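Architecture and fold: a report
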Amino acid sequence: MCLLMVFIGTLLCGGGLLAYNSIQSWHQDVAKSLTVQIDTYDKEGQFRGDKVSTDVENTLSILRTTPGVLGATLVDETQMSELMAPWIGADISIDSLPLPKLIDVEIDAKNPPSLEQLKMDLNTTVPYATIDSHRIWLNDLMQLSNRVIQVIFFLLMLLVLTIIFTVAYTTRASLNIHESVIKLVHMMGAKDFYITGKYAFYNLKRSFVGGFIGFIFAIPFILILMYCFKSASNTIFQTNFTPLQWMILSVWPIFVCCISFVATFKTVLSYLRRFL
């Protein structure tokens, strides 16, 4: 029983840590960068020509003199082609597409610029420039990850309750089976705490062995999960665990053993005091 509970719980904890790491990574990414885009076509759909280059120069000048901005770089056509390749293919030229000019802005995470003031400065000089701080779609991802963590925590709580009820049920069944032996030992002078301790420590040994095996079985699945996330995306998901997180993960089987010990102890002691 403990083998299965530790196995499932370790997988859930590993998934929760992956989601938590991804949230922290996304927060750092949002805090360190933003993008400014400059439309190359006006509202009537006409190409703006040389005005685009002027707007790019003015935008770069404003950005580089804004407090909190560490650097601003224009995304060239080669980089744009690489960005668009997954959607339109590598063989299609982007020259014929109405793509805006993009400026990658690196900002100081400890002393970020005021986005509202920056928008006002850009709108005054470059009305066709807009700021994308990546917060809209990243906030959706972070909300989804937060929901995943909450569901995992809820499932872990259900798992703990399942362990408690299962241990109590199996212990009570064992007590009923060995009732005559227990009464005999009790009549010979064995105290309630002595009998309870024997039951609890015996169950603790079995739980420790089962928990260790379940934890060992779960580790390869977590490594496979981390590899799949890393293969799917090197930037969206943070797949590395810190040494502290590995230690937290290894605490789960110990926690299950402790729950099993306490549940056994309470069940046996309650049984003895009620029926003997």
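What counts and what doesn't
Throughout this description, residue numbers start from 1 for each chain and increase along the sequence as written. With pLDDT at 70 or above as the cut-off, local features in this predicted model cover only qualifying residues; side-chain atom pairs require 80 or more to be listed or tallied, and sums for whole chains, interfaces and linings still use all residues. Side-chain descriptors were evaluated using all non-hydrogen atoms of the structure, hydrogens and water having been removed beforehand. Secondary structure elements follow DSSP: runs of H or I of four or more residues count as helices, runs of E of two or more count as strands, with numbering from the N terminus. Here's how the labels work: a residue is buried when its accessible area is under 20% of the maximum for its type, exposed when over 50%, partly exposed in between, all with a 1.4 Å probe on protein chains only. Contacts were defined at the residue level, with two residues in contact if any of their heavy atoms lie within 4.5 Å. All accessible-area figures derive from a Shrake-Rupley calculation using a 1.4 Å probe, and residue coverage is judged against the displayed protein chains alone. Like charges within 9 Å and nonpolar side chains (Val, Leu, Ile, Met, Phe, Trp, Tyr) within 5 Å are joined into patches, using only residues over 30% in relative accessible area that form no salt bridge. Within this document, salt bridges are pairs made up of a side-chain nitrogen of Lys or Arg and a carboxyl oxygen of Asp or Glu, the two lying within 4 Å of each other. By this definition, two strands are paired if DSSP reports at least two bridges between them. Between N-to-C directions, angles cover 0 to 180 degrees, with each direction set by a line fitted to C-alpha atoms, over the stretch in contact for helices. Given the number of residues in a helix, its expected span is that number minus one, multiplied by 1.5 Å. The arc refers to the directions leading from the helix axis to the C-beta atoms. Under the rule applied, a polar contact is a pair of N or O atoms within 3.5 Å (in protein, one hydrogen donor and one hydrogen acceptor; residues adjacent in sequence only if both atoms are side-chain atoms). Each residue carries a pLDDT score, the predictor's confidence in it, ranging from 0 to 100. Within this scheme, the nonpolar core is defined by two criteria: the residues are buried Ala, Val, Leu, Ile, Met, Phe, Trp, Tyr or Cys, and they are joined through side-chain atoms within 4.5 Å.

A tally of helices and strands in the protein yields eight helices and four strands. Taken from the N to the C terminus, the helices and strands of the protein come in the order α-β-α-β-α-β-α-β-α-α-α-α. For the protein, with 276 residues in total, the buried portion stands at 36%. Looking at the protein alone, contacts between residues at least 24 apart form 81% of all its contacts between residues at least 6 apart. Total accessible area on the protein stands at roughly 17,200 Å², and carbon and sulfur atoms take up 64% of it.

A grouping of Leu 3, Phe 208, Val 209, Phe 212, Ile 213, Ile 216 and Phe 217 is seen on the molecular surface, where their side chains present a nonpolar patch of about 660 Å² in accessible area. Considering each element in turn, the nonpolar patch owes the most residues, six residues, to helix H7 (residues 192–232). Considering the arrangement of structural elements, one finds Phe 217 in helix H7.

Bringing the sheet that holds strand S4 (residues 129–132) into the picture now. Within the open sheet, the four strands sit side by side as S2-S3-S1-S4. Their pairing is antiparallel. A strand with exactly one partner marks an edge of an open sheet, and here the two such strands are strand S2 (69–74) and S4. Within this sheet the neighbouring strands show an average axis-to-axis angle of 25°, counted without direction. Here strand S1 (residues 33–38) pairs with strand S3 (residues 101–107) via six bridges, running antiparallel. Residue pairing for S3: Gln 37 is matched across the bridge by Leu 102. Strands in contact with helix H4 (residues 115–125) are S1 and S4; relative to S4, the strand with the most contacts, it is inclined by about 160°.

Structurally, Thr 10 can be placed in helix H1 (residues 2–32). Ignoring sequence-local partners within four residues, the contact set of Thr 10 consists of Phe 215, Ala 218, Ile 222, Leu 249 and Trp 252.

What follows concerns helix H2 (residues 50–64). Between its first and last C-alpha, H2 extends 22 Å over 15 residues, near the 21 Å set by a 1.5 Å rise per residue. The complete set of buried residues in H2 reads Val 52, Asp 55, Val 56, Thr 59, Leu 60, Ile 62 and Leu 63. Buried residues in H2, looked at end-on, bunch into an arc of 160°, giving them a common side. Exposed positions of H2 whose direction lies more than 90 degrees from the buried face are Asp 50, Glu 57 and Arg 64.

Examined against the element boundaries, Gln 245 turns out to sit in helix H8 (residues 243–275). On the basis of relative accessible area, Gln 245 is assigned to the buried category, the value being 8%. A distance of 2.6 Å separates a polar atom in the side chain of Gln 245 from a polar atom in the side chain of Asn 21. Discounting residues that sit within four places of it in the chain, Gln 245 has contacts with Leu 17, Tyr 20, Asn 21 and Asn 240.

The predicted model of the protein averages 82 in pLDDT, with 86% of residues at 70 or higher. Highest mean pLDDT in the protein belongs to H8 (88); lowest belongs to helix H3 (residues 77–88) (71).

Leu 156, Ile 163, Phe 241, Leu 249, Trp 252 and Val 256 are the most contacted members of the largest nonpolar core, which has 23 residues in total. At the level of secondary structure, the elements contributing two or more residues to this core comprise H1, helix H5 (135–177), H7 and H8. Not counting chain neighbours up to four residues away, the residues in contact with Trp 252 comprise Met 5, Val 6, Gly 9, Thr 10, Leu 156, Leu 159 and Val 160. The next biggest cluster of nonpolar side chains, apart from the first, holds 18 residues, and it includes Leu 34, Val 36, Ala 72 and Ile 107.

Bringing the pairing of S4 into the picture now. Burial along S4 is one-sided: Ala 129 and Ile 131 are buried, and none of Thr 130 and Asp 132, which face the opposite way, are. Where S1 meets S4, four bridges bridge the pair, whose relative direction is antiparallel. Within S4, the position partnered with Thr 35 by the bridge is Asp 132.

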